[in-house]
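The chain contents come next:
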Amino acid sequence: QLQLVESGGGLVQPGGSLRLSCAASGFTLDYYAIGWFRQAPGKEREGVSCISSSGGSTHYADSVKGRFTISRDNAKNTVYLQMNSLKPEDTAVYYCASMRDCHSLPDFGSWGQGTQVTVSS
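Residue numbers restart at each chain and count upward from 1, following the sequence in its written direction. A pLDDT threshold of at least 70 governs which residues receive local features in this predicted model, and a stricter bar of 80 or more applies before side-chain atom pairs are shown or counted, although totals over entire chains, interfaces and linings include all residues. Only hydrogens and water are set aside when side-chain values are computed; all heavy atoms of the structure are taken into account.

A. Fine view of unusual backbone geometry. For Asn-77, which is not glycine, the phi torsion reads 55° and is therefore positive. On the secondary structure map, Asn-77 appears in the loop between strand E7 (68-73) and strand E8 (78-83). Using a 1.4 Å probe on the protein chains alone, a residue whose accessible area is under 20% of its type maximum counts as buried, one over 50% counts as exposed, and one in between counts as partly exposed. Classification of Asn-77 as buried rests on a relative accessible area of 14%. For Ser-85, which is not glycine, the phi dihedral falls at a positive 50°. Secondary structure is summarised from DSSP: a helix means a run of H or I of at least four residues, a strand means a run of E of at least two, and numbering begins at the N terminus for each. Relative to the helices and strands, Ser-85 is located in the loop between E8 and strand E9 (92-99). You can call Ser-85 partly exposed: its relative accessible area is 41%.

The structure is reproduced here in structure tokens:
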């Protein structure tokens, strides 16, 4: 399975922006769709976004649509999640995971420790 590492989280004020990165080491992302998920304390893990292996199709949860943008650079073996107009409700640990496609169950063994995003004034 593919092992992924998330980075780019931090503390940001409401309305601010962050860009998260999802990188693979030693493996190529070319054959995988990649999904972003998040989990806030006491809540279930929530699917946020997904991008197809080619980058041709993207999907977003209603709660982030219009604010977040997922993209990938297969040459850099990296998937990004650009988060704009951040809200306190976006506060969570963000994870990425590989998938056969965006309609498949994620391979939860592929994701790493996640990256903390905190939106607060």
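Don't stop here, the text continues.
B. Summary view of the state of the cysteines. In this description, a disulfide is simply a cysteine sulfur pair whose atoms lie within 2.5 Å. Applying the stated criterion across every chain yields a total of 2 disulfides. Shown here is the disulfide that connects Cys-22 with Cys-96, its sulfur atoms set 2.0 Å apart. Taking the torsion about the sulfur-sulfur bond, which here is approximately 85°, the covalent link between Cys-22 and Cys-96 counts as right-handed. Pair noted here: Cys-22 is in strand E3 (residues 18-24) and Cys-96 is in strand E9, with a separation of 74 residues, a long-range link. The exposure class of Cys-22 is buried, given its relative accessible area of 0%. By relative accessible area, Cys-96 is classed as buried at 0%. Of note for the chain: the bonded cysteines, numbered N- to C-terminal, pair according to 1-3, 2-4.

C. Structural detail: the sheet that holds strand E6 (residues 58-60). Only strands that DSSP links by at least two bridges are regarded as paired with each other. Overall, mixed pairing links the 6 strands, which are arranged E2-E10-E9-E4-E5-E6 in an open sheet. One side of each edge strand has no neighbouring strand; the edge strands of this open sheet are strand E2 (10-12) and E6. For this sheet, the mean inter-axis angle between neighbouring strands, taken without regard to orientation, is 25°. Relative to strand E5 (residues 46-51), strand E4 (residues 33-39) is paired through 5 bridges, and the arrangement is antiparallel. Pairing of Phe-37 across the sheet is with Gly-47, part of E5. Between N-to-C directions, angles span 0 to 180 degrees; the directions come from axes that are lines fitted to C-alpha atoms, helices contributing only their stretch in contact.

What is shown is where atoms sit, not what they do.
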